[in-house]
Amino acid sequence: MLSLYESRMIDRARHIRPLPSPAACVTLLRLCFALSVCADMIDSMTSAFADPAKYDLYDCKQLETERKSLAGRAAELQGLMAKAETGAAGSLVSELAYRNDYVAVRGQQKFAEEAWRRNKCHESPPDKTERSVAPSTNAKPMPPSRSGGAVY
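Heads up: these notes are all about the structure in this document. None of these values were measured; they are calculated from a predicted model.

**Things to note about the state of the cysteines**
Thinking step 1. If you walk through the whole model with that rule in mind, you get 1 disulfide.
Thinking step 2. Cysteine 60 shares a disulfide with cysteine 121; S-S distance 2.0 Å. Handedness here is read from the sign of the S-S torsion; for cysteine 60 and cysteine 121, about -80 degrees, the answer is left-handed. Here the residue cysteine 60 occupies a position in helix H3 (residues 60–84), and cysteine 121 occupies one in the segment after helix H4 (90–118), the gap between them amounting to 61 residues.
Thinking step 3. The partly exposed category is assigned to cysteine 60, whose relative accessible area is 28%.

The following block contains the structure:
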């Protein structure tokens, strides 16, 4: 005579679904391959999400600031996408939330670079005010903090 526990185990074993057929596995692999090809195609279609004439009337100074801004935005979006991919269903969230913006920024970068080369622009030297000035030797040191080592 089987115990109650053994009979439940045998009953549950009867309802286990069989493994998928090889045809289903092949179909799933084909679907994954097709989706990966589409993802690669999006990266090559960056120009479809940006206006090609946007930077035609920009001068070199405007192009330089725009290029820096676009590079910062692209780096920010890459960071957000990498951060989103670490969570549960992260790659899906990354694609849905940030991929379109990232592709648009990449397209804008492409057109800004083309205008930069077409105008024969060069990087401007950094301003003298941007350089850090060494503190003078007769400056008074900062007084010690009164908060001590407490962390709130």
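Resuming the write-up.
**What about the environment of leucine 77?**
Thinking step 1. Here leucine 77 is to be found in helix H3.
Thinking step 2. Each C-alpha atom of the pair leucine 77 and valine 105 lies 9.1 Å from the other, and the pair is 28 residues apart in sequence.
Thinking step 3. Sequence-distant contacts of leucine 77, defined by excluding residues within four places in its chain, comprise Tyr98, Asp101, Tyr102 and Val105.

**What about the pattern of salt bridges?**
Thinking step 1. Taken as a whole and assessed by the stated rule, the structure comprises 6 salt bridges.
Thinking step 2. The salt bridge partner of aspartate 56 is arginine 118, with a shortest N-O separation of 3.0 Å. A residue pair is termed long-range when its members are at least 10 positions apart, and aspartate 56 in the loop between helix H2 (22–44) and H3 and arginine 118 in helix H4 qualify at 62 residues.
Thinking step 3. Overall, aspartate 56 belongs to the partly exposed group, its relative accessible area being 42%.
Thinking step 4. A relative accessible area of 48% places arginine 118 in the partly exposed class.
Thinking step 5. Bridged by salt links that share partners, the residues Arg67, Glu113 and Glu123 form one connected network.

**Considerations on H4**
Thinking step 1. End to end, H4 covers 40 Å across 29 residues, agreeing with the expected 42 Å (1.5 Å per residue, within 8%).
Thinking step 2. By the largest-angle criterion, tyrosine 98 marks the main kink of H4, which is about 50 degrees.
Thinking step 3. Those residues of H4 not exposed but buried are Gly90, Ser94, Arg99, Tyr102, Val103, Ala104, Val105, Gly107, Phe111, Ala112, Ala115 and Trp116.
Thinking step 4. At the C-terminal side of H4, lysine 120 shows a positive phi close to 55 degrees.

**A look at unusual backbone geometry**
Thinking step 1. Residue lysine 120 is not a glycine yet carries a positive backbone phi of 55 degrees.
Thinking step 2. The topology assignment puts lysine 120 in the segment after H4.

**Considerations on the packing of aromatic side chains**
Thinking step 1. Using the criterion set out here, one finds 1 aromatic pair in the structure.
Thinking step 2. Against the face of tryptophan 116 rests arginine 67, its NZ or CZ located 4.0 Å from the ring centre.

**Considering the packing of H3 against H4**
Thinking step 1. Two elements in contact, H3 and H4, have axes separated by 9 Å at closest approach and are oriented at 160 degrees. In this view, H3 runs roughly antiparallel relative to H4, as classed from their interaxial angle. Considering the relative orientation of H3 and H4, their crossing is left-handed.
Thinking step 2. Partitioning the contact of H3 with H4 into residue classes produces 16 nonpolar, 5 polar and 6 charged.

**Let's talk about the nonpolar core**
Thinking step 1. Counting residues in each nonpolar core, the largest one holds 14 residues, and the members touching the most others are Tyr55, Leu63, Leu70, Tyr102 and Val105.
Thinking step 2. Counting residues per element, the ones that place at least two in this core are H3 and H4.
Thinking step 3. With 6 residues, H4 is the single largest residue contributor to this core.
Thinking step 4. Once residues lying within four places of it in the same chain are set aside, the contact partners of leucine 63 are Tyr55, Tyr58, Ala112, Ala115, Trp116, Asn119 and Cys121.

Thresholds applied
Residues numbered from 1 in each chain as written. Predicted model: local features only at pLDDT ≥ 70, side-chain atom pairs only at ≥ 80, totals over all residues. Heavy atoms only, no water. Disulfide = S-S within 2.5 Å. Helix = DSSP H or I, 4+ residues; strand = E, 2+ residues; numbered from the N terminus. Buried < 20%, exposed > 50% of the residue type's maximum accessible area, 1.4 Å probe, protein only. Contact = heavy atoms within 4.5 Å. Salt bridge = Lys/Arg side-chain N within 4 Å of Asp/Glu carboxyl O. Expected span 1.5 Å × (residues − 1). Bend = angle between axes of the 7 residues up to and from the residue. Phe/Tyr/Trp six-rings, centres within 6.5 Å; stacked < 30°, edge-to-face > 60°. Lys NZ or Arg CZ within 6 Å of the ring centre and 35° of its normal. Axes fitted to C-alpha atoms, helices over the stretch in contact; angles between N-to-C directions. Parallel < 35°, antiparallel > 145°, perpendicular 65-115°, else oblique. Left-handed = near helix turned anticlockwise from the far one by under 90°. Nonpolar A, V, L, I, M, F, W, Y, C, P; charged D, E, K, R; others polar. Core = buried A, V, L, I, M, F, W, Y, C linked by side-chain atoms within 4.5 Å.

So far we have only geometry, and geometry alone does not tell us how the molecule works.
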